[in-house]
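One letter stands for each residue in the lines below.
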Amino acid sequence: MSVATAAPRVDLRRLGITIAAPTLAIVFSLLITALILISTGDPVMSTLDQVWAYGKQPRVIALTVNQATTYYLSALAVAIGFRMNLFNIGVDGQYRLAAFAAAVVGSSFELPKPLHLFVIVLVAMLVGAMWAGIAAVLKVTRGVSEVISTIMLNAIATALIAFMLREVAVEVAGSNNIGTKPIAESGALPGIPLIPESPLEVFGFIVVAALAGVAYTVVLGRTRFGFDLRATGHSESAAVASGVNVRRMVIVSMLLSGAVAGLVGMPQLLGGASRSYSLDFPAGLGFTGIAIALLGRNNALGMAFSALLFSFLDASSIILDINDISKEIVLIMQGTIVLSVVVAYELVRRYSIVAEQRRVSRQLAEEQASARPKEVST
Amino acid sequence: MAVELTGITKRFPGVVANSDINIAVRRGHVHAIVGENGAGKSTLMKILYGMQRPDEGTITINGHTVSFSSPSDAIGAGVGMVHQHFMLADNLTVLENVVLGSEPTRGGVIDFGAARRRITEISDNYGLDVQPDRLVEDLGVGDRQRVEILKVLYRGARILILDEPTAVLVPQEVDELFDNLRELKEEGLTVLFISHKLDEVLQVADEITVIRRGTTVDTVDPAQVTARQLAELMVGSELPTPETRESTVTDEQVLRVADLSVRATDGRPLLEDVTLTIHRGEVLGIAGVEGNGQAELVEAIMGMRVLSGGVVHLGSKDITTWSTRKRREAGIAYIPEDRHRHGLLLDSPLWENRVLGHQTERPNVKGQWIDRASARRDTARIVEQYDVRTPGIDVLASSLSGGNQQKLIVGREMSGSPKVLVAAHPTRGVDVGAQAAIWDYIRDARRNGLAVLLISADLDELIGLSDSLKVILRGRFVADVDPAQVTPEQLGSAMTGAGERP
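Residues numbered from 1 in each chain as written. Chains lettered and ligands numbered in written order. Predicted model: local features only at pLDDT ≥ 70, side-chain atom pairs only at ≥ 80, totals over all residues.

Let's shift gears to the overall build of chain B. Of the regular secondary structure elements, chain B holds 17 helices and 24 strands. Here the C-alpha atoms of chain B give a radius of gyration of 24 Å, agreeing with the 23 Å that 2.2 N^0.38 yields for 502 residues. Within chain B, the proportion of its 502 residues that are buried is 45%. Long-range contacts, defined here as pairs at least 24 residues apart, represent 68% of the contacts in chain B between residues at least 6 apart. (Helix = DSSP H or I, 4+ residues; strand = E, 2+ residues; numbered from the N terminus. Rg over C-alpha atoms; globule rule 2.2 N^0.38 Å. Buried ≥ 20, exposed ≤ 12 C-beta atoms within 10 Å, placed from the backbone. Contact = placed C-beta atoms within 7 Å.)

In structure tokens:
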């Protein structure tokens, strides 16, 4: 029997199956959205037209890309856990606490530019990792479900930030908002004029996000550590039998997930106008990250597309309000996308396993049939 | 005829399905269906019990053609099934378990009085000797099985399917079960008895249907056949024998386990003071009824269990405190009992499964990196060398048949010249061809100096492959047996404690 060892050609069938699920989900959610628009008496086509026309303006595209950058980092953090069957629901608390701590530390001194930035990001990653680490330790030592503990830690993080913000807060100039002291100019990350004709620059942190995506793919797909992590996610019992120390893997992957979560607030903190953590610092990104990781199937590229889709919907929904259509329609759409994609993936997964089994048995049967005349029993 | 199955065909990807099965079961008979693991017995019974629909063919119950879409349809037609694994709630009484799901009510309240009367009545009628108010957790295996049978009768079944009912029983319990079956038969009930234990089938059945590779081969009268003839019908050719005769045992100790003890979380001893030594080129077989500590012994040697006492030595090194990974790296190979749970990543391609368990060793890795190219090359080598039937190494492990999955595992574990092989049921659920091949691989490796710990429920396999045998019972070794002298019957009685020595 000859066995193909060459790296697999791009398997069109598998690729088709992979893309089928999210496409179906998006089409399905468009249908639902259309139905809702019809039921509220709004014109479907012209609404979608408006969204599209608004969304393709250069300034809105820049906004979309910026929002997608933070969404992407959040999705990466969630995906690290997902790949190991760990549900880090706490990315939200982790990034907010991390951004707050980084803002406090970063505004307390000045350093030469790259070093200052480096220290701020490092603090954020450490704090994010630490906050996630609490859930990991609880899971490993006391068997507490990480779902429960990370949800609790989100609430604790909210309270902790509110409490500490009172201690360190200064008034944000020209408003009645309060926030941390602004980080000095040496801690500012310049934007990139990526979108032509846009008055808005793209966060410089997009480079870090892209690198994080590459690192994610390489570490999980190509290293021993990644193999252990994926094996644990596929089958914990098989991983244990193969010699994986599952407790250690839980700790390490939670720490990693938390460290990446620490990056989520950085585009805004280092690239935003105020360079401080104030009351209106974006919240809830951690939960969006869960949705994006699900839609992107924990795949670095897939999550990039989903992040762009979600932030496009967010950014272009503004126009709906202006035209007197409730922009919550976008939330409904995002919700249906996630729900239907979960269903679609499961259907596709089952279908493709059965299809592959069929294909293998057919192929073997053919092989046997063609080999029969000269078959010698072994 | 109580049950007639005509032309039943069920296509399934990757596994032996049913094709053109024809069975007729007379009312008031115990009809046995025998076949190897994977021959399609369970699929057939699932079809008869409404858990799966046949692609072709008809089922006739008492002369009426039926089509079941769920087990409740089957129960409605008077067909009940007693599963191999009991489905009882431990913390409920027998009474509560029996009525669970079909509670008799009076005015919206469960009428336990009526239920108790019916249970006692059924129990007396069929001599089941079931006490309705005992807690299930206090019952032994044989009692639990009778509760399961009663549960089915309570729901009005007149045709009983028993799926491998003796797998978990010791011989006395088997005798009791057979007495029960005869009682049921006399009351006009029909029993379909699935098994692969031929001597038991010959004892109890009125008719025997043999299934091989998914189809019915023959229906025979137990009075006219011998166990050997039945076995040959099952296998379809001359039986392969696992015999290894010329000894390759050396006096070099490779694996030594001394005074090993393992306790359950509630303090119950699972293994007590177990001591064994395996030499280079030796196969040490462990015989025992399942659940007597074999699984714990394997896991203790692999470092997957916390010991409450004892030491494990590999060569001259004390490895008692080593992690599973370190033990594997040091040359302990492992064929797990449950290949789906412990041996494979079913949703991953074959070549990733080649890496599993050896993810720190060449050729799979280079430093911290997975070496895809050479791992893939080596997977192809295993596929060729161990005759794994697959169209390629990128197919998912779940698409291979059980035998081919097992050959892949065997090939993987034999790679990297291990010193010790811990093999738990290495040929369970694989077809005859793969079984013979796996035996050959173990024999070859033994000749090359491998020390093998062999756990098996197949007594022929144990006797044929082992250089020495130990019998385990309730977590202790109770006898040493010479495989050259012992018969399967003697070994069987030693396993149940009948041959226990003072």
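Let's shift gears to the domain arrangement of chain B. The assigned domain composition of chain B is domain 1 (3-235) and domain 2 (242-331 + 418-502). The straight-line distance from the C-alpha centre of domain 1 of chain B to that of domain 2 of chain B is 34 Å. (Domains from an automatic or database assignment.)

Here we take up the nonpolar core. A:Ala124 and B:Val422 are the most contacted members of the largest nonpolar core, which has 172 residues in total. If near-sequence neighbours (up to four positions away) are discounted, B:Val422 is found in contact with B:Val298, B:Ile301, B:Met302, B:Ile332, B:Tyr334 and B:Leu453. Counting 60 residues, the second-largest nonpolar core is a separate cluster that includes B:Ile33, B:Val79, B:Ile159 and B:Leu177. (Core = buried A, V, L, I, M, F, W, Y, C linked by C-beta atoms within 7 Å.)

This part takes up the pairing of strand S24 (residues 476-481) of chain B. All names here are of chain B. Across five bridges, the pairing between strand S23 (residues 468-473) and S24 is antiparallel. Within S24, the position partnered with Ile472 by the bridge is Phe477. Where S23 folds back on S24, the antiparallel hairpin that results is connected by two residues, among which Arg474 adopts a positive phi of roughly 45°. (Pairing = 2+ DSSP bridges.)

This next bit is on the sheet that holds strand S11 (residues 207-212) of chain B. Residues and elements named next belong to chain B. The mixed open sheet is built from six strands, whose spatial order is S6-S9-S10-S3-S11-S12. Every other strand in the sheet has two partners, leaving strand S6 (79-82) and strand S12 (215-220) as the edge strands with one partner each. Averaged over all neighbouring strand pairs, the angle between strand axes comes to 20°, with direction disregarded. Relative to strand S10 (residues 190-195), strand S3 (residues 30-34) is paired through five bridges, and the arrangement is parallel. Across the sheet, residue Val30 finds its bridge partner in S10, namely Val191. Sitting on the sheet, helix H1 (residues 41-48) is in contact with S3, S6, strand S9 (159-163), S10 and S11, with an inclination near 150° to S9. The sheet contacts of helix H5 (residues 141-154) involve S6 and S9, and relative to S6 the element is tilted by about 165°. (Axes fitted to C-alpha atoms, helices over the stretch in contact; angles between N-to-C directions.)

A few words on the environment of B:Val298. All names here are of chain B. Along the chain, Val298 turns up in helix H9 (residues 294-301). With 142 residues separating them along the chain, Val298 and Asp440 place their C-alpha atoms 22 Å apart. Each residue touching Val298, except ones within four places of it in the same chain, is listed here: Val422, Ala424 and Ile455.

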